[in-house]
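# Examination of the molecular architecture
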Amino acid sequence: MSNDFRDDAIVLHVKNWQTADKYAVCFTREHGKVRFIVYGGRYPKNVAGRLLQPFTQLNVEVIAGQRIDKLKSCELLQMPQAFDFKQMAYAAVATELTAVFTEDHQAQPEVYQLLAECLLLLKERNPRIVVLSFALKLLELTGFAPQVEACVVCGKELAEEDVWFSPLQGGVVCNDCHNATGEEKFSIGTRKLLANLKELDFQNPQSFSVKGGELMELETALYKFILFQTDKPLNSINFLAQMGL
Ligand SMILES: [Zn+2]
């Protein structure tokens, strides 16, 4: 049985491979995350090599190989948006999170759709908020969402009160159970922000006000939680921190 396929793909990551080739990781509409080699992709005249840039949407034809798949052909569907520096830095977070939280060849069309919409919305709205919303939605779709309704220690439903967030335990901790170091403040406002961002409609985004303190609190909790899930820091999130974005 052949595992060759043709599908729409969003380029997550590209790197040089050997002397003349490129290696790409993409997220496809029907085949989940895929990786392949583009033979000759580093030659200036190689069209596929030129098209394979992060954030680009392509239709790719991939041939299954013994060890690794290879690109047979590709067509441009959507040029990457003309991102400014900040938008690009946040787009890199969205693509890296997608790469980290998905499995090879596990079809998740809703993740493809979410990423495509996120890359469009980044241009229109505050990219920091769009990507935070994207991260929450992605974790939900991939089964990694933190528990935010009930205390992860005692299971008690949380009242309308300021509580704590444990990145290690993967969710909120009530005031009775709070004692460990490493738990982050998690106010009622932050929980409401989280709920709003999880529901944000990317095609028709409603407007709501965001308080800086709550945004910081949610980002801190979520990015620390992601660090515990991935076991290694993400380059794109480190980059945001370095640049003060
Ligand atoms: Zn508790």
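Definitions and limits used
- Residues numbered from 1 in each chain as written.
- Predicted model: local features only at pLDDT ≥ 70, side-chain atom pairs only at ≥ 80, totals over all residues.
- Heavy atoms only, no water.
- Pairing = 2+ DSSP bridges.
- Helix = DSSP H or I, 4+ residues; strand = E, 2+ residues; numbered from the N terminus.
- Axes fitted to C-alpha atoms, helices over the stretch in contact; angles between N-to-C directions.
- Contact = heavy atoms within 4.5 Å.
- Core = buried A, V, L, I, M, F, W, Y, C linked by side-chain atoms within 4.5 Å.
- Buried < 20%, exposed > 50% of the residue type's maximum accessible area, 1.4 Å probe, protein only.
- Domains from an automatic or database assignment.
- 1 Å grid on protein atoms, 1.4 Å probe; cavity = no way out; pocket = protein on both sides within 12 Å on 5 of 7 lines; lining within 4 Å.
- Points joined across faces, edges and corners; volume = space filled by probe spheres on them.
- Nonpolar A, V, L, I, M, F, W, Y, C, P; charged D, E, K, R; others polar.

## What to know about the sheet that holds strand E8 (residues 184-186)
Within the open sheet, the three strands sit side by side as E7-E6-E8. Their pairing is antiparallel. Pairing within the sheet leaves two strands with one partner each, and these edge strands are strand E7 (171-173) and E8. Averaged over all neighbouring strand pairs, the angle between strand axes comes to 45°, with direction disregarded. Pairing analysis gives three bridges linking strand E6 (residues 163-166) to E8, with the strands arranged antiparallel. Note on E8: the bridge partner recorded for Val 163 is Phe 186. Sheet strands touched by helix H6 (residues 212-230): E6 and E8. Its angle to E8, the strand with the most contacts, is close to 130°.

## Notes on the nonpolar core
If you look at the biggest cluster of nonpolar residues, it comprises 59 residues, and the most contacted ones within it are Leu 97, Phe 134 and Ile 226. Shared between two domains, this core holds at least three residues of each, these being domain 1 (5-78) and domain 2 (85-243). Setting aside its immediate chain neighbours within four residues, Phe 134 contacts Ala 94, Leu 97, Thr 98, Leu 114, Leu 115, Cys 118 and Phe 202. Residues Ala 9, Phe 36, Ala 48 and Val 60 belong to the second largest nonpolar core, which totals 16 residues.

## Quick look at the layout of surface pockets
In this structure, the largest pocket spans a volume of roughly 500 Å³. In terms of lining residues, the largest pocket is bounded by 18 residues, among which Leu 12, His 13, Glu 96, Ala 99 and Asn 235 are the most central. Looking at the lining of the largest pocket, the elements with two or more residues in it are strand E1 (5-17), strand E2 (21-28), strand E3 (32-38), helix H2 (85-101) and helix H7 (235-243). Broken down by element, the lining of the largest pocket gets its largest block of residues, six residues, from H2. The class makeup of the residues in the lining of the largest pocket is nine nonpolar, four polar and five charged. Both domains that meet at the lining of the largest pocket, namely domain 1 (5-78) and domain 2 (85-243), each give it at least three residues.

Remember that the coordinates give geometry; whether it matters functionally is a separate question.
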